[in-house]
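Structure at a glance
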Amino acid sequence: MELLNLLALSGSLRKASYNSAAINALQELSPRHVEITIGDISHLPIFNPDREGENIPELTTLKYLLSEANGLIIATPEYAHGISGPLKNALDWLVSGAEFPYKPIMLINTSPRASHAQVALREVLSTMSGNVIENSCVTIPLLGSELDRNGILAETKIATTLAEGLGIFCKEIELLETVTL
Ligand SMILES: Cc1cc2nc3c(=O)[nH]c(=O)nc-3n(C[C@H](O)[C@H](O)[C@H](O)COP(=O)(O)O)c2cc1C
């Protein structure tokens, strides 16, 4: 089996973030032929199109990781019915690059009540020509659970949902890559 590289981004900068915890747990749950790299969007400057030609090391790293990735995983909180600022900022920096279009994407929603951000995120991603693999997207009830990475791994139902979503995502990527070969 070919090695699959996946890039995962959390839209939360909070230390005890459920979204970051979900991504950390997913990294542990990934099968042997799947490597999940967790990207850092916390040090990107605030998006300014005037700066797009500048050498911004954090952006260069993010773009490199994305270009090397077979797929992208995003977990974001909802703030005031919108996508988190740090995630939207990162996506804005990626809009004009060649790395993003047609990238398969899996979404993780850590709060069943947070529907607005998920809708808004899908709109942004489709505008950027991302390929959201809908049947791989998962919603897990982490809000208020106090679960961290290890707690998620210990909760069989939640861990299984994450692992199944990832399994579908990887299969879909493999299928897409076979078709485009
Ligand atoms: C300022 C603020 C606004 C929020 N607005 C919403 C909201 O509109 N809808 C919602 O479902 N949750 C909202 N929340 C709850 C967060 O989405 C929730 O705390 C989430 O777990 C944060 O993600 P994290 O745990 O990964 O940091 C808000 C939280 C904060 C601090």
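In short, a report on the structure. (Residues numbered from 1 in each chain as written. Predicted model: local features only at pLDDT ≥ 70, side-chain atom pairs only at ≥ 80, totals over all residues. Heavy atoms only, no water.)

A tally of helices and strands in the chain yields six helices and eight strands. The linear arrangement of helices and strands in the chain, starting from the amino end, is β-α-β-α-β-β-β-α-β-α-β-β-α-α. Against the 2.2 N^0.38 benchmark of 16 Å for 181 residues, the chain shows a C-alpha radius of gyration of 16 Å, consistent with a compact globule. Taken along the three principal axes of its C-alpha coordinates, the chain extends 45 × 40 × 25 Å. Burial status across the chain gives 47% buried among its 181 residues. Across the chain, every contact between residues at least 6 apart in sequence was considered, and the portion connecting residues at least 24 apart equals 83%. Taken together, the 12 basic and 21 acidic charged side chains of the chain have centroids lying 5 Å from each other. (Helix = DSSP H or I, 4+ residues; strand = E, 2+ residues; numbered from the N terminus. Rg over C-alpha atoms; globule rule 2.2 N^0.38 Å. Buried < 20%, exposed > 50% of the residue type's maximum accessible area, 1.4 Å probe, protein only. Contact = heavy atoms within 4.5 Å. Lys, Arg positive; Asp, Glu negative; His and termini not counted. Charge placed at Lys NZ, Arg CZ, Asp CG, Glu CD.)

As a packed pair, helix H2 (residues 57–68) and helix H3 (residues 85–94) sit with axes 11 Å apart at the nearest point and diverge in direction by 75°. On the basis of their axis angle, the class for H2 and H3 is roughly perpendicular. Contact residues: Leu-59, Leu-62, Lys-63 and Leu-66 in H2; Ala-90, Trp-93 and Leu-94 in H3. A per-class count over the contact of H2 with H3 returns six nonpolar, no polar and one charged. (Axes fitted to C-alpha atoms, helices over the stretch in contact; angles between N-to-C directions. Parallel < 35°, antiparallel > 145°, perpendicular 65-115°, else oblique. Nonpolar A, V, L, I, M, F, W, Y, C, P; charged D, E, K, R; others polar.)

Looking now at helix H4 (residues 115–127). Spanning 13 residues, H4 covers 19 Å between terminal C-alpha atoms, matching the ideal 18 Å at 1.5 Å per step. Taken as a whole, H4 has its buried residues at Ala-117, Gln-118, Leu-121, Val-124 and Leu-125. The buried residues of H4 all sit within an arc of 125° when viewed along its axis, so they share a single face. H4 presents Val-119, Glu-123 and Thr-127 as exposed residues on the side facing more than 90 degrees away from its buried surface. On its buried face, H4 is in contact with strand S3 (71–75), strand S4 (78–79), strand S5 (82–83), H3, strand S6 (104–109) and strand S7 (131–132). Ser-129 sits one or two positions beyond H4 and adopts a positive phi of about 60°. (Expected span 1.5 Å × (residues − 1). Arc of directions from axis to C-beta.)

For the rest of this paragraph, the subject is the nonpolar core. Core analysis: the largest hydrophobic core is formed by 27 residues, its most contacted members being Leu-6, Ile-73 and Ile-108. Contributing elements (two or more residues each) for this core: strand S1 (4–10), helix H1 (18–29), strand S2 (34–38), S3, S6 and helix H6 (156–180). With sequence-adjacent residues up to four places away left out, Leu-6 is seen in contact with Val-34, Glu-35, Ile-36, Thr-37, Ala-69, Asn-70, Gly-71, Ile-73, Leu-166, Phe-169, Cys-170 and Ile-173. Formed by 26 residues, the second largest nonpolar core is a distinct cluster that contains Leu-66, Leu-72, Ile-74 and Leu-121. (Core = buried A, V, L, I, M, F, W, Y, C linked by side-chain atoms within 4.5 Å.)

By themselves, these figures tell us nothing about what the structure is for.
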